[in-house]
Amino acid sequence: MEVIGRLFDPPASSFFLFGPRGTGKSTFAKGLFGDALVVDLLDPERSRALSARPEMLKEMVGGRQGTTTVLIDEIQKIPELLTVVHGLIESMRTVTFVLTGSSARKLKRAGVDLLAGRALLCEMHPIMAVELGKRFRLEEALRYGTLPLVVAAGEPEAVLRSYAALYLREEVQMEGLVRNIGNFSRFLEAISFSHASILNVSSVAQECGVERKTVEGYVEILEDILLSWRLRVFTKRAKRQLAGHPKFYLFDAGVFRSLRPRGPLDRPEEIDGQALEGLVGQHLKGWMAYSKVKRELFFWRTRSGVEVDFVVYGPDGIYALEVKNAGTVRPADLRGLKSFKEEYRESKTLLLYRGTERLLKGDVLCIPCEEFLTTLHPDHDLKELFF
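Residues numbered from 1 in each chain as written. Predicted model: local features only at pLDDT ≥ 70, side-chain atom pairs only at ≥ 80, totals over all residues. Heavy atoms only, no water.

K.L.:
Describe the overall build of the chain, naming the residues involved and giving the relevant values.
P.N.:
Of regular secondary structure, the chain possesses 16 helices and 14 strands. Dimensions along the principal axes, computed over C-alpha positions, put the chain at roughly 70 × 50 × 45 Å. In the chain, buried positions account for 53% of the 387 residues. When contacts within the chain are restricted to residue pairs at least 6 apart in sequence, those whose partners lie at least 24 apart make up 68%. Accessible surface, the chain: about 18,200 Å² in total, of which carbon and sulfur atoms supply 49%. With 54 positive and 51 negative side-chain charges, the chain shows a separation of 3 Å between the mean positions of the two kinds. (Helix = DSSP H or I, 4+ residues; strand = E, 2+ residues; numbered from the N terminus. Buried < 20%, exposed > 50% of the residue type's maximum accessible area, 1.4 Å probe, protein only. Contact = heavy atoms within 4.5 Å. Areas by Shrake-Rupley, 256 points an atom, 1.4 Å probe, with all protein chains shown as cover. Lys, Arg positive; Asp, Glu negative; His and termini not counted. Charge placed at Lys NZ, Arg CZ, Asp CG, Glu CD.)

K.L.:
Report on helix H1 (residues 25-32), specifying residues and quantitative values.
P.N.:
For H1, the full list of buried residues reads Lys25, Ser26, Phe28 and Ala29. For H1, the angular spread of the buried residues around the axis is 165°, confining them to a single face. Residues Thr27 and Gly31 are exposed on H1 and point more than 90 degrees away from its buried face. In the core, the buried residues of H1 are packed alongside strand E1 (15-18), strand E3 (69-73) and strand E4 (96-101). (Arc of directions from axis to C-beta.)

Note that every value here comes from positions in space, so none of it alone points to a role or purpose.
Here it is as structure tokens:
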């Protein structure tokens with residue numbers, strides 16, 4: 001398969017590049033900085049040497065005269081290296097450091113300061129539809145997700161099955177993040193039911209048979225190893241009573257499907273709906289991360305249960321988005337967006353659905369989901385979708 005161009009635009013100065021395993025961080029960085037001194041901390045021999053003597057990094061950089069870029073892959077493996085990197089950034093102003101990582105937990109646990117702002121924090125996300133261009137297929141994205149590791153695979157389903165095992169073995173078990181790997185495995189299955197839903201920690205704890213406090217810790221681990229994220233309620237200038245709990249999302253639609261148990265009592269349309277909402281969510285996260293405009297992502301839900309899936313808030317406006325896994329638009333589908341519009345008159349409202357036609361239903365612009373995803377670009381804002 002040909003190389004997929006990524007929309008992440010690296011800064012000119014030193015930076016961290018965080019992202020889950022399989023999002024293509026290392027491949028991207030090595031391709032962009034072909035002449036860099038590469039320090040691969042997944043190499044056991046290199047990792048052992050630098051763990052024993054972190055200052056060896058200074059000797060390695062000094063031994064490569066003319067080096068302008070140093071790429072340290074999986075920096076969380078040896079947090080102590082950041083002290084050395086900090087000193088090198090101060091003393092070697094012509095050298096750029098690119099520090100990739102798939103987990104911030106070990107860095108936090110070690111109490112490091114992430115270079116006190118001397119390196120920017122950047123993120124790499126699963127592939128966006130616009131990056132795939134004509135190769136993007138909505139049905140495939142909903143079934144397998146858009147991890148480069150999976151998109152490039154001849155047997156994507158097999159790769160997805162092994163993906164959770166990879167994390168359990170390398171990021172969780174080997175790093176000693178949890179004491180009982182069996183409990184954590186059951187938690188992963190139980191939490192998959194909460195994808196694109198309000199997170200009820202007590203229910204998840206009951207489902208997997210562990211204490212609530214343990215589940216709270218497991219959720220934090222998932223976020224720290226970048227497998228999931230939580231979405232807060234939009235409360236700015238709120239006039240109504242709003243829900244207090246966040247929504248929960250796994251970072252990729254394919255990973256969600258690989259973790260979600262399926263049985264004869266499960267409704268396929270319910271799982272498809274969760275996957276679609278999650279796919280839109282991961283695209284919005286990528287779009288915001290790669291854009292030069294600072295925006296925030298929320299959802300909106302009243303105590304009475306009226307909800308909007310996503311709210312994008314930024315200097316270019318307020319946009320409310322509802323995602324429906326249906327080929328037609330019913331009046332009931334517009335209820336949440338209309339209520340949000342009453343609350344925030346200045347907002348723009350969008351409904352994404354599985355149909356093929358653009359429709360204007362009052363103030364609500366209804367757009368085919370595939371069209372929305374394939375036109376979502378970091379250089380463009382959402383107002384360009386409107387007439």
